[in-house]
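Here is how the chains run, residue by residue.
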Amino acid sequence: MVSSRIRRVFTVVPIATVVLAAPAQAYMDARYSDAVRVTASGSTLKVYDTKCDGRAAQGNWQRTGSSTVYEKDNGEGCGTSLTFTTGGTVTQIRACLVIPLDDDPCSSWTSKQY
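The rules behind these values
- Residues numbered from 1 in each chain as written.
- Predicted model: local features only at pLDDT ≥ 70, side-chain atom pairs only at ≥ 80, totals over all residues.
- Heavy atoms only, no water.
- Pairing = 2+ DSSP bridges.
- Helix = DSSP H or I, 4+ residues; strand = E, 2+ residues; numbered from the N terminus.
- pLDDT = per-residue confidence, 0-100.
- Buried < 20%, exposed > 50% of the residue type's maximum accessible area, 1.4 Å probe, protein only.
- Polar contact = N/O pair within 3.5 Å; in protein donor to acceptor, adjacent residues only side chain to side chain.
- Disulfide = S-S within 2.5 Å.
- Phe/Tyr/Trp six-rings, centres within 6.5 Å; stacked < 30°, edge-to-face > 60°.
- Lys NZ or Arg CZ within 6 Å of the ring centre and 35° of its normal.

### Some details on the pairing of strand S2 (residues 36–41)
Note that strand S1 (residues 27–32) and S2 share six bridges and pair antiparallel. Within the sheet, the bridge partner assigned to tyrosine 27 lies in S2 and is serine 41. For S2 and strand S3 (residues 44–49), the ladder comprises six bridges, and the chain directions are antiparallel. If you follow valine 38 over to S3, its bridge partner there is valine 47.

### Focus: the confidence of the model for the protein chain
Taken as a whole, the protein chain shows an average pLDDT of 86; of its residues, 78% reach a score of 70 or greater. The element-level mean pLDDT for the protein chain is lowest in S1, coming to 96, with S3 highest at 98.

### Focus: the side chain of aspartate 29
Structurally, aspartate 29 is set in strand S1. Exposure remark for aspartate 29: the relative accessible area of 17% places this residue in the buried category. Polar side-chain contacts of aspartate 29 include one of 3.3 Å to the side chain of arginine 31. There is a polar contact of 2.8 Å between the side chain of aspartate 29 and the side chain of arginine 37.

### With respect to the state of the cysteines
This model, assessed by the stated rule, comprises two disulfides. Across the disulfide from cysteine 96 sits cysteine 106; the S-S distance is 2.0 Å. Measuring the twist about the S-S bond at about 105°, one finds the cysteine 96-cysteine 106 disulfide to be right-handed. One end of the pair, cysteine 96, is in strand S7 (residues 90–97); the other, cysteine 106, is in the segment after S7, and ten residues separate them in sequence.

### Remarks on unusual backbone geometry
A positive phi is found at serine 33, a non-glycine position, where the angle reads about 50°. Along the polypeptide, serine 33 turns up in the loop between S1 and S2. Its relative accessible area of 58% is what places serine 33 among the exposed residues. In this model, leucine 101 sits at a positive phi of 60°, which is unusual for a non-glycine residue. Along the chain, leucine 101 falls in the segment after S7. In this structure leucine 101 comes out as exposed when scored by relative accessible area, which is 92%.

### Considering the packing of aromatic side chains
Going through the model one piece at a time under the given rule, you end up with two aromatic pairs. When the centroid spacing of 5.7 Å and the interplanar angle of 20° are considered together, the rings of tryptophan 61 and tyrosine 70 count as stacked. Under the relative-accessibility criterion, tryptophan 61 is labelled buried at 5%. Residue class for tyrosine 70 comes out partly exposed when judged on its relative accessible area of 23%. With a centroid separation of 5.3 Å and 55° between ring planes, the pair formed by tryptophan 61 and phenylalanine 84 is classed as tilted. In this pair, tryptophan 61 sits in strand S4 (residues 57–63) while phenylalanine 84 sits in strand S6 (residues 80–85), placing the two residues 23 residues apart along the sequence. Members of the aromatic cluster, each reached through a chain of ring pairs, are Trp61, Tyr70 and Phe84. Over the aromatic face of tyrosine 48 sits the side chain of arginine 37, whose NZ or CZ is 5.3 Å from the ring centroid.

Shown next, in the form of structure tokens:
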């Protein structure tokens, strides 16, 4: 009698899925009244003109390692936004309304991150 044995060999290979995500950027939001909104994430800043009052919207910011206050106007008119790169990581922002020949009223500085 011939006996045949079949030997089966199974190799179990564990499979793991690793998902690497980029670190979340800090998101900041500042508003002056209902006229100006400024948002920032990393080195990107957006200045929104949210009121049809004939005045420009302005974003002010500071970058990591600098005490310089930078500013950028959005004079494109109501309902528009201006997006640009600041050249460094933004650490705090504020929103201002541009009033020619007068002091520009602004929100408080914020560094609150969402």
